[in-house]
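Coordinate analysis (summary)
One letter stands for each residue in the lines below.
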Amino acid sequence: MSIIKGAQVAEAVSAETKKRAEKLKAEGTEPCLAIIRVGEDGSEIAYERGAMKRMDKCGIKCMSIVLDENIGQTEFEKKFSEVNDDKNVHGILLLQPLPKQLDIEPIKELINPIKDVDALSAVNLYKVFVGDKTGYAPCTAEAVMETLDYMGTDYTGKKCVVIGRSLVVGKPLGMLLLGRNATVTYCHSRTKQLAEEAKQADILVAAVGVPKMVKADFVKEGITVIDVGINVDENGNMCGDVDFENVEPIVENITPVPGGVGAVTTSVLAKHVVMAAEMLK
Ligand code: NAP
């Protein structure tokens, strides 16, 4: 049984990214990520800090653009377009959720798909769907794949059950797994007999947002469990979607929360910024 630490995966992904960033700089292009945040949400600020730290480690420049939380749609789109058109910016991360008065849909069409390093646009989701490697998958979905790759996973013919079907995690992740010849089952809030479905898995991924909902009766011995959830438990501590304490003794491999997939996400983001800079140089 092993607990897969995200930090190790993140270091492995970042080592390669750093080399590519250095090569770009030697050729006269400094890869640059712009992070756009609207307002002062604490968890967005925490994610931004983590992303900035990771960019720094990888030798990527990072700009933080903070907009007023009461900004209107027209002004927001204008500011976004300025960043989108800035030749020195290669990747854009728009932190979410946005305040209620703002609509993200126009941004999904506005963003240059090459700068769309967290796969907001239809172009990048389409590329995930068809397996076109010139696009980006949403960073968290790809972070799950990086974690499984790090473990030396052979996907072919494996039963992968993904709980969650959001556009940012579950759905694209299923497509990535399918692209590696896994047999994929999606589960969601309307799935009947969820525990029985989950129990078929060789690889079980929970991307739900319900604290500790994956219990011991969801898993069989010898499988791999990847916990994407970021929740707060009844004592105010961060926890995942998996009841770690009771699941961990049964399974072969498991990622913890905190310290699991979340730690890998920003290293995937850095990789995407370097890819963008290579395409735009
Ligand atoms: P989301 O958009 O709320 O989607 C949640 C998914 O879980 C939906 O497909 C929903 O089903 C399903 N679901 C909800 N309750 C369920 C239940 N009781 N049984 C079965 N399925 C259920 O959330 P998300 O953005 O995908 O995020 C999922 C989790 O990952 C959250 O905890 C989030 O904080 C975390 N997250 C982590 C990272 C990271 O870097 N590690 C990044 C993003 C998100 P329906 O479709 O039927 O509603």
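Before any of the text, the structure's been laid out above.
Bear in mind that the values here come from a model prediction, so they are computed numbers and not experimental data. (Residues numbered from 1 in each chain as written. Predicted model: local features only at pLDDT ≥ 70, side-chain atom pairs only at ≥ 80, totals over all residues. Heavy atoms only, no water.)

**Quick word on the site of the ligand**
- Around the ligand, 21 residues are found, and the nearest of them are T140, R165, S166, S189 and I230.
- At 3.0 Å, a backbone N or O of I230 approaches an oxygen atom of the ligand.
- Burial of the ligand by the protein amounts to 68% of the accessible area it has alone, namely 920 Å².
- In terms of residue class, the shell around the ligand is made up of 10 nonpolar, 10 polar and 1 charged. (Near = heavy atom within 4 Å. Polar contact = N/O pair within 3.5 Å; in protein donor to acceptor, adjacent residues only side chain to side chain. Areas by Shrake-Rupley, 256 points an atom, 1.4 Å probe, with all protein chains shown as cover. Nonpolar A, V, L, I, M, F, W, Y, C, P; charged D, E, K, R; others polar.)

**What to know about the pairing of strand β4 (residues 91-94)**
- Residues of β4 alternate between two faces, with G91 and L93 on one and I92 and L94 on the opposite face, all of them buried.
- As paired elements, strand β2 (residues 32-38) and β4 share 4 bridges and run parallel to each other. If you follow A34 over to β4, its bridge partner there is I92. (Buried < 20%, exposed > 50% of the residue type's maximum accessible area, 1.4 Å probe, protein only. Helix = DSSP H or I, 4+ residues; strand = E, 2+ residues; numbered from the N terminus. Pairing = 2+ DSSP bridges.)

**A look at the sheet that holds β2**
- Taken together, 3 strands build an open sheet; the order of strands is β3-β2-β4 and the sheet is parallel. For this open sheet the edge positions go to β3 (61-67) and β4, each flanked by a neighbour on one side alone. The sheet shows a mean angle of 20° between the axes of neighbouring strands, taken without regard to direction.
- Inspection of the sheet shows β2 paired to β3 by 7 bridges, in the parallel sense. Paired with R37 across the two strands is V66, which belongs to β3.
- Packing of helix α3 (residues 73-85) onto the sheet brings it into contact with β2, β3 and β4, and relative to β4 it is tilted by some 155°. (Axes fitted to C-alpha atoms, helices over the stretch in contact; angles between N-to-C directions. Contact = heavy atoms within 4.5 Å.)

**A closer look at the nonpolar core**
- Counting residues in each nonpolar core, the largest one holds 43 residues, and the members touching the most others are L33, I60, V144, L173, L177 and L269.
- Counting residues per element, the ones that place at least two in this core are α1 (6-26), β2, α2 (42-58), α6 (139-150), β5 (159-163), α7 (170-179), β7 (203-206) and α10 (261-280).
- Per element, the largest residue contribution to this core is 10 residues, and it comes from α10. (Core = buried A, V, L, I, M, F, W, Y, C linked by side-chain atoms within 4.5 Å.)

**With respect to the packing of α1 against α2**
- Relative to each other, α1 and α2 sit at 55°, their axes nearing to 8 Å. By the angle class used here, α1 and α2 are oblique. On the side of α1, the interface is formed by A10, E11, S14, T17, K18 and A21, while α2 contributes R54, K57 and C58.
- Per-class residue counts for the contact of α1 with α2 are 3 nonpolar, 2 polar and 4 charged. (Parallel < 35°, antiparallel > 145°, perpendicular 65-115°, else oblique.)

**Brief notes about α6**
- Given a rise of 1.5 Å per residue, 12 residues ought to cover 16 Å, and the 16 Å separating the end C-alpha atoms of α6 matches this to within 8%.
- The buried fraction of α6 is high, at 9 of 12 residues.
- Contacts from the buried residues of α6 go to α1, α7, β7, β8 (224-227) and α10. (Expected span 1.5 Å × (residues − 1).)

**So, unusual backbone geometry**
- In this structure, P97 follows Q96 across a cis peptide bond, with omega equal to 5°.
- Along the chain, P97 falls in the loop between β4 and α4 (105-110).
- With omega at 0°, the peptide bond leading from V257 into P258 counts as cis.
- The residue P258 is located in the loop between β11 (253-254) and α10 in this model.
- A positive phi angle is found at Q193, which is not glycine, with a value near 50°.

**A look at the pattern of salt bridges**
- Summed over all chains, the structure comprises 15 salt bridges.
- Across the pair E146 and K271 runs a salt bridge whose closest N-O atoms are separated by 2.6 Å. Of this pair, E146 sits in helix α6 while K271 is found in helix α10, placing the two residues 125 residues apart along the sequence.
- Among the residues examined, K271 registers a relative accessible area of 16% and is labelled buried.
- We note a salt bridge from D149 to R180, for which the minimum N-O separation is 2.9 Å. Taken together, the residues span a long stretch of sequence, with D149 in helix α6 and R180 in the loop between α7 and β6 (183-187) at a distance of 31 residues.
- Among the charged side chains, a network of salt bridges with common partners joins E11, R54 and K57. (Salt bridge = Lys/Arg side-chain N within 4 Å of Asp/Glu carboxyl O.)

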